Amino acid sequence: MLKYKKIHRHHGFDTPENLFTSPKSSFVGSFFGGHNILQATTVSPAEGEGRTQIRCEGTEISVRATGPVAGKVALVVPGHAIQIAKTDSTSLILNVEVRESVYMGEFTKVVFSIFNGENKQFLQADVPGHHLQELSPGKKTELYIQVDRCVVVPWSDEQVAD
């Protein structure tokens, strides 16, 4: 069991696997999993664990909640849930711009920015293969987020800095 405490406030106490796959807050998801955090709002609040409807980047999706959620929430997006090609699974499609990309041998590390009017949000993914031409800085593209690999959790204003 792992426990993380910051400024005398307990943020997580669970097995490493559960902290990684089912964080209870956006802070725990960003700290333990290093996951991407997207701001969203609930369409139908969840009373406990199960599926709930949220609106994220203008799209309504059904996603797994790790506990009660309502109002402003966080969609926790693991890097492996981000695809540059459409998949068969349910996807959230995001229009993004490549901020930076670095070829790392077996994969390309890419930082994307999303512009949604007032907020600028960022996503980071390790894309398998060599993609420097199609994912060069300034290039606009679509990302496909596999929502079955994501969870929705209560929003926390505390996040781990990139």
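What you are looking at is a predicted structure, and each value in this text was computed from that prediction instead of being measured.

Reading the values: rules and limits
- Within every chain, residues take consecutive numbers counted from 1 along the sequence as written.
- Local features in this predicted model are restricted to residues of pLDDT 70 or higher, and side-chain atom pairs are both shown and tallied only at a pLDDT of 80 or more, whereas totals for entire chains, interfaces and linings draw on every residue.
- Calculation of side-chain values draws on the structure's entire complement of heavy atoms; hydrogens and water are dropped beforehand.
- By the criteria applied, helices consist of DSSP H or I runs no shorter than four residues and strands consist of E runs no shorter than two, each listed in order from the N terminus.
- To sort residues, take the accessible area from a 1.4 Å probe on protein chains only and compare it with the maximum for the residue type: under 20% means buried, over 50% means exposed, and anything in between is partly exposed.
- Contact between two residues is taken to exist if any of their heavy atoms lie within 4.5 Å; hydrogens are not considered.
- Using a 1.4 Å probe, the Shrake-Rupley method yields the accessible areas, and only the shown protein chains count as cover for residues.
- Every residue gets a pLDDT, meaning the predictor's confidence in that residue, from 0 to 100.
- Two strands qualify as a pair provided that DSSP identifies no fewer than 2 bridges between them.
- Every angle, taken between N-to-C directions, lies between 0 and 180 degrees, and every axis is a line fitted to C-alpha atoms, over only the stretch in contact when it is a helix.
- Here a polar contact is taken to be a pair of N or O atoms separated by no more than 3.5 Å, where protein atoms must pair a possible hydrogen donor with a possible acceptor and residues adjacent in sequence count only if both atoms sit in side chains.

Attention now moves to the overall build of the protein. Secondary structure assignment for the protein yields two helices and 12 strands. For the protein, the N- to C-terminal ordering of α and β elements is β-β-α-α-β-β-β-β-β-β-β-β-β-β. Looking at the 162 residues of the protein, the share that counts as buried comes to 41%. Here the contacts in the protein between residues at least 6 apart in sequence split such that 58% fall between residues at least 24 apart. Here the protein displays about 8,800 Å² of accessible surface, and carbon together with sulfur accounts for 50% of that area.

You can see Gln124 is positioned in strand E10 (residues 120-128). The exposure class of Gln124 is partly exposed, given its relative accessible area of 39%. Along the chain, Gln124 and Gly79 lie 45 residues apart, while their C-alpha atoms are 6.6 Å from each other. In this structure, Gln124 is in contact with Asn36, Gly79, Ile82, Lys109, Val110 and Val111, ignoring residues within four places of it in sequence.

Another point: the confidence of the model for the protein. Scored by pLDDT, the protein comes out at a mean of 80, with 72% of its residues at no less than 70. Mean pLDDT in the protein bottoms out at strand E1 (residues 2-6), which sits at 48, and peaks at strand E5 (residues 59-65), which reaches 93. In the predicted structure, residues 1-5 sits below a pLDDT of 50 and forms 20 contacts with residues beyond four places in sequence or in another chain.

Moving on to the sheet that holds strand E4 (residues 50-56). Strand order in the closed barrel formed by five strands is E3-E4-E5-E12-E6, with mixed pairing between adjacent strands. With strand direction ignored, the average angle separating the axes of adjacent strands in the sheet is 55°. The pairing of strand E3 (residues 36-44) with strand E6 (residues 72-77) spans six bridges and is classified as antiparallel. Across the sheet, residue Thr41 finds its bridge partner in E6, namely Lys72.

Now for the side chain of Gln121. Locating Gln121 in the fold gives a position in strand E10. Classification of Gln121 as buried rests on a relative accessible area of 9%. In terms of polar contacts, Gln121 uses its side chain to reach the side chain of Glu57, at 2.5 Å.

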